[in-house]
Amino acid sequence: MTLTAERGPGRQASTAAALTRPLGVLLSLPYRLLMNALGLIFEPLQRLVGIKGMPYLFVIPNLALFIIFAIIPILLNLVYAFTGGTSLFPANRPFIGLQNFSVLLSCDNFLDPNSCLVDLFWRGVMNTGVYVIVEVSSLILLALFTALVLNRNIRARGFFRGVYFYPTLLSSVVVALLWKWVLQRNGLINGALEGVGMPTINFLFEADWARLATIIVGLWASLGFYTLIILAGLQAIPALLYEAAVIDGASRRQQFQYITLPLLRPTLYIVFILSFVGAVQVFEHAMVLTDGGPGTATSYIMHFVYNAAFAGIAGGRNVGLATAATLLVAVVLVAFTLVQRWISRNASDDYST
Amino acid sequence: MLRKLVSLVILLSLFVAASVQVTAQEPVQVRVMADLVDDQITVFEEIIAAFEAENPDVDVLLDVVPYETIQQALPLQLETGVGPDIIKSTDIPGLSPYYLDMRPYVADPAYWDANFGPTITMANPDGGDRLSALYSDLTVTGPFINRTLFEQAGVAVPSDSSDHVTWEEWEAAAVAVRDATGVEFAMGLDRSGHRLMGPAISVGATYLDEEGYPNLAADEGFRAFVEMFVGFHTNGVMPIDIWAGGDGARNGRDEFINGNLVFYYSGNWQIGSFAANIGDGFDWEAVPNPCGAQTCTGMPGGAVFAAIGATQHPEEVSRFMDYLASEPVYRQWAERTLLAPQHIALAEAGLNWNTELPQALKSLDVFAREASNISPIAMALFTSPNIGPVYNATRDRISQIIVGELSFEEGMERIQSDIDTGLAAAASS
């Protein structure tokens, strides 16, 4: 019996094993080849740096990319900002200290760009200031409102979430081109206005309309992204708190004021910082939509930087001036972010106490 | 065993790769960057194909790019030494530090000296005699009209009855045509400092003072022209869309092609484009330059094909440039693109333009006459080493005056300070 038992199913199993073994060997061959090839490389390296040194070795590729694409450009930016001349090679650029900064900051009245030596930079600063204030405040309010609506149990909620998020997937250049077709002199809106016998508006060539156009297009393109962040923040608030509030007789307004807003504050802080930095960096969609015009009505700081570095301003290209402008913007952004963080932290402490 | 096998495979792969690299004889690649349009692309590609058939060891690659790329990205590429081997550019003296001297490489330098003398002078602002460039086209600025619109409006074309039509007369006629036909725009002028120069000189501008320095703030003729030009925009004669529309060069070409512009000031390089895009869709033609108080002149200009010194293949680059410069090829280029040649023997012999379109032939005749009537002030300005910063300064600041960001006086001051800054920077570099 024992023998039969061994010969019966045992024989079948060993036959199957004999059949599948070559298949397994064949399938694992590429893996073994790869491992052996890697072994040829890494074993000598491990002998060289030791097992403790290996993690650092694995970090090197990412670190190299970070150094090449982040650290070196930042250092070059610093070098250009403190040197003059037209050459792109740092070695050929004479050191001029803070001259680029003093040229940029040379103003009789900072609120009047015409009184500044480099008036185009200050026009960019003023335009960006207005853009940031309107864009960021509108963005936060609209994103909050949209997220509150989309957080409720409305019909076709998934569809609407998709609709609001969709523009975020588009490139800003594509967004600007789409809106250009809508807003241009012979565009969709003017066609509609003409169709109902109303006077047309040259949206992209009248200063106030053009400013508004860049703001609206910026809002349209980024609203979905910030809505999504706030929506995630809203969904992280425990439903238990609202249930308790309802039992305590809190109205919807009170729930929003005493539960939603305080618990959403860290999320709103992130939204504020991200949208603020994004608004200061406004460039692509404005460039495509209005190219800084009419005149310099929609010429923002990054527009000035681009023109100074590549297209030429005040008689020529000036990389030093362009990089100095970016450093000034970076300093302002960092300072603003730190202040905002400090305020937010204090407010959180107040709330937690 | 497996490890040995892997090592063997790797070694063999390396050996095969190295062998392939050593034995392959790829043609030398010569890269051309040019802002060609319409039929120019086809003609140039055919020239390349013919050259490659005769020179199988050279592979000419054509990169057709927008004009802005030539203006903005190319100088940075050239500065870093990784740019193309041959470029087409309008900034002839400005990019001269990057040019290749082809004199040791071309088959017959005397042929170049005899036929491209003015180009050699322009491409050597330091007074040298390097052979680096040949004009792709010699240009002169001037206006076009949509004669069909004039006929529809029942308005006489002023230049039909007079050789001396003023800007004001053209303005009155164009506005009358616009109002009668319902098209959107009466007059348009390319957004370019260069395009302003002919009209401004006609009105009385000199641009350069006695020392050859551009002193525009004190140039009464220039000031008078700017006042007139700004007025054209504030009173709606010219569309704000061209001159107030942000940075860079802009033109009214599309509006003219679409039959939406009565009078369009640009230059002879548009003839080929209009022939291709309008054809005989409506009657278009060039008319003589409008007159001001001083004269009636256009502004010369043009673009060159220039060889770049950083090339790894100077011999092959020079061979292709030599081919382009040869009389039959240059003739083919000019006759088929309807671009005026800057080849002395060809210009003297005359060309058989490759078109039977009456509108194009008439326009070519008009611009030939305009080229011979260019004011000495315009010629002096064209060859001045101080002209560079004037283009952008006048273009950008006049735009600001037009939209009201700067008063007239503020604009004039900014134009001058931009020019001073630009020339000082050029002098110190």
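Residues numbered from 1 in each chain as written. Chains lettered and ligands numbered in written order. Predicted model: local features only at pLDDT ≥ 70, side-chain atom pairs only at ≥ 80, totals over all residues. Heavy atoms only, no water.

Undergrad: For this particular structure, what's the right way to read the state of the cysteines?
TA: Every disulfide links exactly two cysteines, by a covalent bond between their sulfur atoms. By the definition in use, this model includes 2 disulfides over all chains. The disulfide that involves A:Cys107 links it to A:Cys116, with 1.7 Å between the sulfurs. On the sign convention where negative means left-handed, the S-S torsion of about 105 degrees between A:Cys107 and A:Cys116 marks this disulfide as right-handed. Note on accessibility: A:Cys107 and A:Cys116 belong to one class, buried. One disulfide bridge connects B:Cys291 with B:Cys296, the sulfur atoms lying 2.0 Å from each other. Its S-S torsion of approximately 100 degrees makes the covalent link between B:Cys291 and B:Cys296 right-handed. According to the relative accessible area criterion, B:Cys291 is buried, its value standing at 1%. Residue classification places B:Cys296 among the partly exposed positions, given a relative accessible area of 22%. (Disulfide = S-S within 2.5 Å. Buried < 20%, exposed > 50% of the residue type's maximum accessible area, 1.4 Å probe, protein only.)

Undergrad: Would you mind showing me how to read the interface of chain B and chain A here?
TA: Many structure descriptions define interface size as the accessible area lost when the parts assemble. Each partner contributes residues to the interface: chain B has 33 residues there, and chain A has 40 residues. Taking both sides of the interface into account, the surface hidden between chain B and chain A amounts to around 3000 Å²; carbon and sulfur atoms contribute 50%. With a shortest N-O distance of 3.5 Å, B:Arg414 and A:Asp119 are connected by a salt bridge. On the surface where chain B and chain A come into contact, there are 16 residue pairs in polar contact (both at pLDDT 80 or more). Contributions of two or more residues to the side of chain B that touches chain A are made by helix 1 (2–23), helix 3 (67–80), helix 11 (240–243), helix 19 (388–403) and helix 20 (408–428) of chain B. Among the elements that line the side of chain B that touches chain A, the one with the most residues is helix 3 of chain B, at 6 residues. Each residue belonging to the side of chain B that touches chain A can be placed in one class, and the counts come to 11 nonpolar, 11 polar and 11 charged. (Contact = heavy atoms within 4.5 Å. Buried area = accessible area lost by both parts, 1.4 Å probe. Salt bridge = Lys/Arg side-chain N within 4 Å of Asp/Glu carboxyl O. Polar contact = N/O pair within 3.5 Å; in protein donor to acceptor, adjacent residues only side chain to side chain. Helix = DSSP H or I, 4+ residues; strand = E, 2+ residues; numbered from the N terminus. Nonpolar A, V, L, I, M, F, W, Y, C, P; charged D, E, K, R; others polar.)

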